[in-house]
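Observations on chain architecture
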Amino acid sequence: MNQPFAPDHAETQIANAESEMGLVAAMLFEPRIVDAVADMLTPSDFWDPLLGRMFDTIVREHSLGRALNPITLRPFFKDDPAFEELGGIGWMIDPANSVSVIGARDFAWHIAELASRRRFVDGLRVASSSATDLNKSLAAIAGEAEEAIAAATGERSDAHEKSAAQCLDMVIEGFDEPLGGVLCGVIPAIDSLLGPIRPSHLIIGAGRPSMGKTATAISYALGAAERGHGVVFVSLEMSAEQLAERMAADLCLDKRIPYESIRDRKLDTLQRREVCRARDRIAEMPLEVIDRSAMTIGQLRTVVRRWRRRFAARGVKLELLILDYLQLMSGDRKMDRIQVVSEVSRGLKEIAKENGIGVLALSQLSRKVEERSDKRPMMSDLRESGQIEQDADAVLFFLRDEYYLRQTGEPTFGDPGYEDWQKKLDACRGRIEFIVAKKRHGTTGSKIGDFLGHFQAVRG
């Protein structure tokens, strides 16, 4: 019985070698093209296996920060006869292969579309051949055809369709596997309250200004990175240099070098030496800082994918994204602030799930906190959108009673209220309270940590 499809003829009709060659050549001349298309394709999407291998090599080397061009690419394929048969470096240096970033995206989309069609043909061929096997049930054959359709449309039919028993099987099969997740180690209060920040979890860290949000996030990032967790810290408020000053103060905590001394560059010789040692220490950490004045959720998604790829090229897994802070994100289109915050909140959750990482996003609380005599934050204080509360797997509030007590003003020594004020100050001096107001996968509660303001570090 004849096959219903002629493989060589049918599949050749849905391949475009010129697009594949043009894209690979263009990637060698314009690094921006690599970032633009790296997540749109896989090596298996290429009809020509050699071009697929070249695509993979270019993306890997680019992720490692190494520049490639037609000359430096050649040694990777010096023993590959297919490379010379293709024309060696000659076809790559042809000016006709030059395309723009926008044109490269079109090429990549075209290549991915044709690859999906070829997989569709392959899947239907398998299902058609199975129809002649009388030992297979019709339901099984129909399932193969359904899989072919799902593969062509980018969806797996069984991705979200499992029996309750199958779901439990997944749990049982994982009993002997250690659960992943990020712990910082230097702030046990948070580690105890939240537990490990798991892949796909969105944690919102919220508080009013001067509550220690950024200081906590920096200490958490340094602690997690020093434990080997890949961390990307996106700062929309502080510059990279300002963050570096705080990081240096945190890492030099045991040497008691004040943050102000680093910030104002008032360091003696020994202190400068310690800061240099801190630099060597942080150089070993899988920690990257992204300093932007504005960013949309679409741009953040691109940044995360790029750094996940670059970490993987180093043999490190990106496990945590820290965003400082949520309300400074911009909308991908024109909309009011509530809509923007809602879009960003949903987008952060999607980024966590798509990339298998934890996300810790800092957030400002509304001024309603200041209007109450009791400054303890509540879920209704989450600023501008109830969507944040809905999307978050956990909400962590920051509270420093010392700040509010000092804001009331110090009574004059000898006044009737001075002694009581001093007792309250002594009780909360250098303390920061972490309050878990929501925890989807556990219990809520609060714990006390140490806020070391002179060093912009958080411990305990």
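Before reading further, recall that the structure is shown in the block above.
Cut-offs and rules
Residues numbered from 1 in each chain as written. Predicted model: local features only at pLDDT ≥ 70, side-chain atom pairs only at ≥ 80, totals over all residues. Heavy atoms only, no water. Helix = DSSP H or I, 4+ residues; strand = E, 2+ residues; numbered from the N terminus. Buried < 20%, exposed > 50% of the residue type's maximum accessible area, 1.4 Å probe, protein only. Contact = heavy atoms within 4.5 Å. Areas by Shrake-Rupley, 256 points an atom, 1.4 Å probe, with all protein chains shown as cover. Polar contact = N/O pair within 3.5 Å; in protein donor to acceptor, adjacent residues only side chain to side chain. 1 Å grid on protein atoms, 1.4 Å probe; cavity = no way out; pocket = protein on both sides within 12 Å on 5 of 7 lines; lining within 4 Å. Points joined across faces, edges and corners; volume = space filled by probe spheres on them. Nonpolar A, V, L, I, M, F, W, Y, C, P; charged D, E, K, R; others polar. Pairing = 2+ DSSP bridges. Axes fitted to C-alpha atoms, helices over the stretch in contact; angles between N-to-C directions. Parallel < 35°, antiparallel > 145°, perpendicular 65-115°, else oblique. Salt bridge = Lys/Arg side-chain N within 4 Å of Asp/Glu carboxyl O.

Looking now at the overall build of the protein. Each helix and strand counted, the protein has 20 helices and 9 strands in total. Evaluated residue by residue, the protein yields a buried proportion of 46% over its 460 residues. A fraction of 71% describes how many contacts in the protein between residues 6 or more apart in sequence connect residues 24 or more apart. On the protein, roughly 23,700 Å² of surface is accessible, and the fraction owed to carbon and sulfur atoms is 52%.

Turning our attention to the side chain of glutamate 433. Structurally, the position occupied by glutamate 433 is in strand β7 (residues 431–439). Judged by relative accessible area, glutamate 433 falls into the buried class, the value being 12%. Within the structure, the side chain of glutamate 433 is placed 2.7 Å from the side chain of arginine 376, a separation counted as a polar contact. Polar side-chain contacts of glutamate 433 include one of 3.3 Å to the side chain of serine 446. Among residues more than four places away in sequence, those in contact with glutamate 433 are Arg376, Phe397, Phe398, Leu399, Ser446, Lys447 and Ile448.

Summed over all chains, the structure comprises 2 cavities of 30 Å³ or more. Considered as a void within the structure, the largest cavity measures approximately 70 Å³ in volume. Lining of the largest cavity is provided by Ile190, Leu194, Ile197, Ile203, Lys213, Thr216, Ala217, Tyr220, Leu360, Leu362, Leu396 and Phe398. When residues in the lining of the largest cavity are grouped by element, the largest group, 4 residues, is from helix α11 (residues 213–226). Of the residues contributing to the lining of the largest cavity, the split by class is 10 nonpolar, 1 polar and 1 charged. Each pocket or cavity is described by its volume, and for the second largest cavity that value is around 40 Å³. In terms of lining residues, the second largest cavity is bounded by Gly180, Gly181, Val182, Ile197, Arg198, Pro199, Glu319, Gly356, Ile357 and Gly358.

Attention shifts here to the sheet that holds strand β4 (residues 318–324). Strand order in the open sheet formed by 9 strands is β3-β2-β4-β5-β1-β6-β7-β8-β9, and the pairing between neighbours is mixed. Unpaired on one side and paired on the other, β3 (287–291) and β9 (457–459) mark the two borders of the sheet. Each neighbouring strand pair of the sheet contributes to a mean axis angle of 25 degrees, computed without reference to strand direction. Pairing of strand β2 (residues 230–235) with β3 involves 5 bridges; the strand directions are parallel. Bridging from a neighbouring strand, valine 232 pairs with glutamate 288 of β3.

With that settled, the discussion passes to the packing of helix α4 (residues 49–63) against helix α15 (residues 297–313). With their axes 8 Å apart at the nearest point, α4 and α15 run at an angle of 90 degrees to one another. Between α4 and α15, the crossing angle belongs to the class labelled roughly perpendicular. Together, Val59, Arg60, His62 and Ser63 of α4 and Arg309, Arg310 and Ala313 of α15 make up the contact between the two elements. The residue inventory of the contact of α4 with α15, partitioned by class, reads 2 nonpolar, 2 polar and 3 charged.

So, on to the pairing of β7. As paired elements, strand β6 (residues 394–399) and β7 share 6 bridges and run antiparallel to each other. What sits directly across from phenylalanine 398, in β7, is phenylalanine 434. In the sheet, β7 pairs with strand β8 (residues 445–452) via 6 bridges, with the strands oriented antiparallel. Across the sheet, residue glutamate 433 finds its bridge partner in β8, namely isoleucine 448. Count of turn residues in the β7/β8 antiparallel hairpin: 5 residues.

Take the pairing of β8 next. Pairing of β8 with β9, which is carried by 3 bridges, proceeds in the antiparallel orientation. From the neighbouring strand, phenylalanine 451 faces β9, where its bridge partner is valine 458. If you look at the hairpin formed by β8 and β9, you'll find 4 residues sitting between the two strands, and glutamine 456 has a positive phi there, around 50 degrees.

Our focus in this paragraph is the pattern of salt bridges. One pass over the structure, following the stated rule, counts 25 salt bridges. Salt-bridge contacts for arginine 310 lead to aspartate 35; the nearest nitrogen and oxygen are separated by 3.8 Å. Placement of the pair is arginine 310 in helix α15 and aspartate 35 in helix α3 (residues 31–37), with a sequence separation of 275 residues. A salt bridge links aspartate 393 to lysine 349, with the shortest nitrogen-to-oxygen separation between them at 2.5 Å. Taken as a pair, aspartate 393 in the loop between α18 (387–391) and β6 and lysine 349 in helix α16 (residues 337–355) lie far apart in primary sequence, 44 residues in all. Several salt bridges share partner residues, and in doing so they unite Arg301, Arg305, Glu350 and Glu354 into one network.

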